[in-house]
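Chain by chain, the residues run as shown.
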Amino acid sequence: QCVFVARESDTAEGRVAASVETVKRMKGLGLDVLVEAGAGLKSRILDADYEAVGARIVGAEEARSADVVLKVRRPTSGETATYKPGAIVIATMDPYGNEVAIAEMANAGLTTFAMELMPRITRAQSMDILSSQANLAGYQAVIDAAHEFDRAMPMMMTAAGTVPAAKVFVMGAGVAGLQAIATARRLGAAVSATDVRPAAKEQVASLGAKFIAVEDDEFKAAETAGGYAKEMSKEYQAKQAALVADHIAKQDIVITTALIPGRPAPRLVTRQMLAAMRNGSVAVDLAVERGGNVEGAEPGKIAEVEGVKVIGYLNVPGRIAASASALYAKNLLTFLETMVDKETKSVSVNVEDELVKATMLTNGGAVVHPNFGGTVQ
Ligand code: NAD
């Protein structure tokens, strides 16, 4: 059976859904691998590199011979029209709010999987694209902040005087936030962090950063069984804002990563708080695609708000594409492997598998996922 690795049509997307290593592994599973010409270029993978491990380099129209399509982003309707009905498509589908596009994929007869819906269970850890990509985004956020910051990050004692360490405050200490803390620490900054989940407190401390939060009764119960944050009450948000306002005024760099699954990102930093920061300070809003944590953040731009540079880059993992692709490709391969019969070398979907149940959006001409109007499962 045949796997097609697409070149991303979105020009802002630098990642690719297969690496040299994963193509080699797919070939080892007995699959034919077709790679669309130029698919890996922005991740520094040449067509010849894929060819060297047994892939065939093809044009976009060859997608129609594939049983499995691997992508980074959800295919456009133009792209799905070139896929074979019944083909399996595995990608980041960005399903919330995109019900029309999901219905189109169902109508095209595709069996589609949204990798971001992978359950966070031990068996699926190596398939967790949210973690692999958030980890790199947390790192890149600090690099981007350092690039815009016109002072030094570490304390430097020189004969000509001492440069103080930059003060970095990380809001939201999930996967991205924890990596941002670790990266800022490695650069020598004085780091503090906040979160609404009590479990984050110990994790922040173990990375050598100071934990700052309103630790009331609501905080002590603010984690869902899945380990995610809940939306906090208005009262909590007000107490949190007061604490943050005080703290933020003394910071040089703020990095926000706060998200709540299925909800808009909480607004954590107001214009007033930015105004209290020193001129030339930097804020990075990693939640900008989901509505933003920082007031005035603009998707895809660096906005100047009250003298603070507010970085709102989109697709931050894509800014570190070669590394992001390597991890993303591995996440997809591990999921695909669960569908390959080692004896017959064929790909089939087991609808009883909990990973399939959690991630399958469309199958057999219908939307099947319960979160998006599906009733079949
Ligand atoms: P996320 O991307 O959904 O959110 C980022 C962070 O923002 C979270 O830590 C969240 O608590 C925080 N946040 C939300 N609202 C906030 C507010 N008002 N103020 C401050 N912070 C706020 O989170 P994530 O990175 O996906 O991680 C969520 C949890 O899942 C963590 O406990 C993480 O360790 C866990 N996790 C588990 C697995 C696994 O078991 N396989 C994998 C990855 C992550």
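Since this is a predicted model, take the numbers as computed values, not measurements.

Section: the site of the ligand
Turning to step 1, where the next piece is worked out: Residues in close proximity to the ligand total 30 residues, the closest being G172, G174, V175, A229 and A258.
Turning to step 2, where the next piece is worked out: Looking at the shell around the ligand, the elements with two or more residues in it are helix 5 (129–148), helix 6 (175–186) and helix 7 (199–206).
Turning to step 3, where the next piece is worked out: Residues that form the shell around the ligand fall into these classes: 18 nonpolar, eight polar and four charged.

Details of helix 11 (residues 321–337)
Turning to step 1, where the next piece is worked out: Compared with an ideal rise of 1.5 Å per residue, which puts 17 residues at 24 Å, helix 11 spans 24 Å between its outermost C-alpha atoms and is within 8% of the ideal.
Turning to step 2, where the next piece is worked out: Against helix 1 (20–28), strand 4 (68–73), strand 5 (88–92), helix 5, strand 16 (340–341) and helix 12 (354–359) lie the buried residues of helix 11.

Looking at the pairing of strand 4
Consecutive residues of a regular strand have side chains that alternate between opposite faces of the sheet.
Turning to step 1, where the next piece is worked out: Of all the six residues making up strand 4, six are buried; the element is thus mostly covered by neighbouring parts of the structure.
Turning to step 2, where the next piece is worked out: Pairing of strand 4 with strand 5 involves four bridges; the strand directions are parallel. Residue pairing in the sheet places V69 in a bridge with V89 of strand 5.

Notes on the packing of helix 5 against helix 6
Turning to step 1, where the next piece is worked out: Between helix 5 and helix 6, the shortest axis-to-axis distance is 7 Å and the interhelical angle comes to 35 degrees. The handedness of the crossing between helix 5 and helix 6 is right-handed. Facing helix 5, whose interface residues are S131, A134, N135, A137, G138, Y139, A141 and V142, helix 6 presents V175, A176, G177, L178, Q179, A180, T183 and A184.
Turning to step 2, where the next piece is worked out: When grouped by side-chain class, the residues that make up the contact of helix 5 with helix 6 number 10 nonpolar, six polar and no charged.

Things to note about the packing of helix 1 against helix 11
Turning to step 1, where the next piece is worked out: Running from N to C, helix 1 and helix 11 cross one another at 20 degrees; their axes reach a closest spacing of 9 Å. If you check the angle between helix 1 and helix 11, you find them roughly parallel. Handedness of the helix 1/helix 11 crossing: left-handed. Each of T22, R25 and M26 in helix 1 lies in contact with helix 11, whose residues at this interface are A329, K330 and L333.
Turning to step 2, where the next piece is worked out: Within the contact of helix 1 with helix 11, the residues separate by chemical class into three nonpolar, one polar and two charged.

Observations regarding unusual backbone geometry
Turning to step 1, where the next piece is worked out: Of note in this structure, R44 is not a glycine but carries a positive phi near 65 degrees.
Turning to step 2, where the next piece is worked out: Tracing the sequence through the fold places R44 in the loop between strand 2 (32–36) and helix 2 (47–52).
Turning to step 3, where the next piece is worked out: Residue R44 is classed as exposed on the basis of its C-beta count, with 12 C-beta atoms lying within 10 Å.
Turning to step 4, where the next piece is worked out: You will see that K345, though not glycine, has its phi angle at about 55 degrees, which is positive.
Turning to step 5, where the next piece is worked out: Structurally, the position occupied by K345 is in the loop between strand 16 and strand 17 (346–347).

Conventions and cut-offs
Residues numbered from 1 in each chain as written. Predicted model: local features only at pLDDT ≥ 70, side-chain atom pairs only at ≥ 80, totals over all residues. Near = placed C-beta within 6 Å. Helix = DSSP H or I, 4+ residues; strand = E, 2+ residues; numbered from the N terminus. Nonpolar A, V, L, I, M, F, W, Y, C, P; charged D, E, K, R; others polar. Expected span 1.5 Å × (residues − 1). Contact = placed C-beta atoms within 7 Å. Buried ≥ 20, exposed ≤ 12 C-beta atoms within 10 Å, placed from the backbone. Pairing = 2+ DSSP bridges. Axes fitted to C-alpha atoms, helices over the stretch in contact; angles between N-to-C directions. Left-handed = near helix turned anticlockwise from the far one by under 90°. Parallel < 35°, antiparallel > 145°, perpendicular 65-115°, else oblique.

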